[in-house]
Amino acid sequence: MLTFNDGHIFALPIGPQLKKSERDMFLSSLSNDEQLRIVKYKHWKDQQRALLGSILVRWSIQHLTDVQHIQIARDKQGRPYMIGNDSWKGDFNLSHSGEWIVVALTHEGSVGIDVEKIKLVSDDVMRFAMSQDELQILQQHAELEQLKLFYEFWTMKEALFKTGLLPITAPHLLNTIAIRDTYKDFQTQLIYLDKLHPVSICWSQKQLQVDVTILNKQEIKSKLGSS
């Protein structure tokens, strides 16, 4: 188990389609409800994202905490959380997009994370998703830089929203410029997994050091095999 006093991000590439034996091994380590939720996806890549996301959440919690028997429920908004646990006071959050799956964990407090794959969006989408303050900043930059900044703002909105701590019904309603003054206890950090995948993490504790670990499926499989 790693030393875990602050925050941690684990990132896992989705990779090529799993062999049937790998898929079955991963599925067998999950609850019946989780298995049923995952196999409902028709396309292999959607199913693999959901499967590896569930596996990565459990692997990360077992890797960083003393919790070994993991029970996960979902709230009305679909946000997953742990039940039946009194030893770990932290939080976790999951996101996936493009070629990556990411999980964030905190030692205590709440956390939200979002990864997005950068791709072209229309002006209408930008105007819908951004606040006036954010649009003004975007318009000060060249077109290609605007797209990059758009996704940096959007991942931050999603991460803030996914903490579950804000009285906002949708992430596009957030103004990331103003929120820094309104919620001074919230901290955010932006990283890039590669040139096309920005990740934002938000947490509710000050002075948090966030470490990042890039994993591969073999590391996940070896942990499952030794459980």
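For clarity, every value in this text was computed on a predicted model and none was experimentally measured. (Residues numbered from 1 in each chain as written. Predicted model: local features only at pLDDT ≥ 70, side-chain atom pairs only at ≥ 80, totals over all residues. Heavy atoms only, no water.)

Participant: Lay out the nonpolar core with the relevant residues and their values.
Facilitator: In a soluble, globular protein the nonpolar side chains are often hidden away together inside. One finds Leu-51, Leu-56, Ile-61, Leu-105 and Ile-220 to be the most contacted residues of the largest nonpolar core, which totals 27 residues. At the level of secondary structure, the elements contributing two or more residues to this core comprise strand S1 (7-13), helix H1 (20-28), helix H3 (44-64) and strand S5 (100-106). With 9 residues, the top contributor of residues to this core is H3. Sequence-distant contacts of Leu-56, defined by excluding residues within four places in its chain, comprise Phe-10, Leu-12, Ile-101, Val-102, Val-103, Leu-215 and Ile-220. Listed in part, the 15 residues of the second largest apolar core include Ile-9, Ala-11, Ala-104 and Trp-203. (Core = buried A, V, L, I, M, F, W, Y, C linked by side-chain atoms within 4.5 Å. Buried < 20%, exposed > 50% of the residue type's maximum accessible area, 1.4 Å probe, protein only. Helix = DSSP H or I, 4+ residues; strand = E, 2+ residues; numbered from the N terminus. Contact = heavy atoms within 4.5 Å.)

Participant: Describe the sheet that holds S1, naming the residues involved and giving the relevant values.
Facilitator: The strand order across the open sheet formed by 4 strands is S4-S5-S1-S9, and the pairing between neighbours is mixed. Looking at strand neighbours, the two that pair on one side only are strand S4 (91-97) and strand S9 (210-214), the edges of this open sheet. Taken pair by pair, the neighbouring strands of this sheet meet at an average axis angle of 15 degrees, ignoring direction. With 7 bridges joining them, S4 and S5 adopt antiparallel strand pairing. When the sheet's bridge partners are listed, Ser-97 is paired in S5 with Trp-100. Contacting S1, S4 and S5, H3 runs over the sheet at an angle of about 30 degrees to S5. (Pairing = 2+ DSSP bridges. Axes fitted to C-alpha atoms, helices over the stretch in contact; angles between N-to-C directions.)

As far as function goes, none of this settles anything; it's purely spatial.
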